[in-house]
Amino acid sequence: MQSNVQDRVALVTGGSRGIGAAIAARLASEGARVAVLGRTLTGGAGSLEETVGAIEAAGGSALAVQADLSVPADRASAVAEVVKAFGPIDILVNNAAATFLIPFVDYPDKRYRLMFELQVNAPFHLAQLVLPDMVERGSGWIVNISSRAASHPAGPPFGTLARRGFTVYGMCKSALERMSTGLAAEVTHLGVRVNALSPWDNVATPGTAHHDLTDMVVEDVGVMAEAALLLASSDISGQIAYSTPLLVEHERTPGPL
């Protein structure tokens, strides 16, 4: 299965670092014009300017879009900025997240609401914003980045990891996956492919380091980037996919970032 994203317009949220930056770079390496969205525009490592600079240095085309995805007006203005600069969006990758691992009984309402705003409401709203153009053209791809935390914990007995405050994070990702399959059912026949994609194992990112999960990291970020490219350039739709098994199934290996 060949990737064909040449000259397509992609919007990748949470694109300043980690999985988002890797997906943006991989799409750009195949010829897509990539807008990377995040809150940190400048400041070196982990900034939008760093991601865009790396893409352009490799010969790709990229645009930095600064926005706070917890604010609906920022979401709308970000999409408008990308369309003005590059044209209608062909590929939407919803990757941005804020993750707080806090025991259920202690979970602050403010952080609960922020988690759902960024990981459920923002992907929902962005999809609504880009879908009219996709449907009109009869072509489009939406990739929602999920997590194995969406799966129900196995037990009892429950492992120590399951007791580390993953409940709200898992709730968000479960909702995102149900949105992905439901939307796919509504729009695949119109030419728009929608999927959820999770790492098969922990990926080395600033997020895993922040939550002290680096001792469990076994998957290179390039695996997720290649899997996202596959879902953003194929007829696959309505899947809750996992990076490594997806690539094995389609006989793909990670490409250059």
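Let us look at the structure shown here. Note that the structure is predicted; figures quoted are calculated from it, not measured.

### Let's talk about the sheet that holds strand 4 (residues 91-94)
Moving on, step 1. A sheet is described by the order of its strands in space; here seven strands give the open sequence 3-2-1-4-5-6-7, paired in parallel fashion. Across the chains shown, the open sheet's two edge strands, defined by having one partner strand only, are strand 3 (61-66) and strand 7 (240-242). Sheet twist, expressed as the mean angle between neighbouring strand axes with direction ignored, is 20 degrees.
Moving on, step 2. Pairing geometry for strand 2 (residues 33-38) and strand 3, over six bridges, is parallel. In the sheet register, A35 faces strand 3, and the bridge partner there is L63.

### Remarks on unusual backbone geometry
Glycine aside, residues mostly have negative phi, and peptide bonds are mostly found in the trans state.
Moving on, step 1. A cis amide bond, omega 0 degrees, links G155 with the succeeding residue P156.
Moving on, step 2. Positionally, P156 belongs in the loop between strand 5 (140-145) and helix 5 (167-187).
Moving on, step 3. In this structure, D7 is a non-glycine residue whose phi angle is positive, near 70 degrees.
Moving on, step 4. Within the secondary structure, D7 is located in the segment before strand 1 (9-13).
Moving on, step 5. Its identity is not glycine, yet E251 carries a phi of approximately 55 degrees, on the positive side.
Moving on, step 6. Among the residues examined, E251 registers a relative accessible area of 75% and is labelled exposed.

### Looking at the nonpolar core
Moving on, step 1. Counting residues in each nonpolar core, the largest one holds 40 residues, and the members touching the most others are L11 and I142.
Moving on, step 2. Elements that contribute at least two residues to this core include exactly strand 1, strand 2, strand 3, helix 3 (72-86), helix 4 (109-137), helix 5 and strand 6 (192-198).
Moving on, step 3. Ignoring sequence-local partners within four residues, the contact set of L11 consists of A35, L37, V79, V82, I89, I91, L92 and V93.

### Focus: the packing of helix 4 against helix 5
Moving on, step 1. Two elements in contact, helix 4 and helix 5, have axes separated by 9 Å at closest approach and are oriented at 15 degrees. Put simply, helix 4 runs roughly parallel to helix 5. For the pair helix 4 and helix 5, the sense of crossing is right-handed. Here helix 4 contributes Y112, M115, F116, Q119, V120, P123, F124, A127 and L131 to the contact with helix 5, which in turn contributes V168, Y169, M171, C172, K173, A175, L176, M179, L183 and V187.
Moving on, step 2. Grouping the constituent residues of the contact of helix 4 with helix 5 by class yields 17 nonpolar, one polar and one charged.

### Notes on helix 2 (residues 48-57)
Moving on, step 1. Within helix 2 the residues assigned to the buried category are L48, T51, V52 and I55. All buried residues of helix 2 project into a common sector of 95 degrees when viewed along the axis, lining one side.
Moving on, step 2. On its buried face, helix 2 sits against helix 1 (18-29), strand 2 and strand 3.
Moving on, step 3. Two residues or fewer past helix 2, G59 is found with a positive phi of approximately 95 degrees.

### A closer look at the pattern of salt bridges
Moving on, step 1. Under the definition given, this model contains seven salt bridges.
Moving on, step 2. For the salt bridge of D235 with R193, the shortest nitrogen-to-oxygen distance reads 2.5 Å. Taken as a pair, D235 in the loop between helix 7 (221-231) and strand 7 and R193 in strand 6 lie far apart in primary sequence, 42 residues in all.
Moving on, step 3. With relative accessibility at 60%, the residue D235 sits in the exposed group.
Moving on, step 4. R193 gets classed as buried once you look at its relative accessible area, which sits at 16%.
Moving on, step 5. For E226, the salt bridge goes to R252, with nearest N and O atoms at 3.1 Å. Residue E226 is found in helix 7, and its partner R252 is found in the segment after helix 8 (243-249); the two are separated by 26 residues along the sequence.
Moving on, step 6. For E226, a relative accessible area of 2% puts it in the buried group.
Moving on, step 7. In the salt-bridge network here, residues are joined through shared partners; they are R26, E30, E226 and R252.

What counts, and where the lines are drawn
- Residues numbered from 1 in each chain as written.
- Predicted model: local features only at pLDDT ≥ 70, side-chain atom pairs only at ≥ 80, totals over all residues.
- Heavy atoms only, no water.
- Pairing = 2+ DSSP bridges.
- Helix = DSSP H or I, 4+ residues; strand = E, 2+ residues; numbered from the N terminus.
- Axes fitted to C-alpha atoms, helices over the stretch in contact; angles between N-to-C directions.
- Buried < 20%, exposed > 50% of the residue type's maximum accessible area, 1.4 Å probe, protein only.
- Core = buried A, V, L, I, M, F, W, Y, C linked by side-chain atoms within 4.5 Å.
- Contact = heavy atoms within 4.5 Å.
- Parallel < 35°, antiparallel > 145°, perpendicular 65-115°, else oblique.
- Left-handed = near helix turned anticlockwise from the far one by under 90°.
- Nonpolar A, V, L, I, M, F, W, Y, C, P; charged D, E, K, R; others polar.
- Arc of directions from axis to C-beta.
- Salt bridge = Lys/Arg side-chain N within 4 Å of Asp/Glu carboxyl O.

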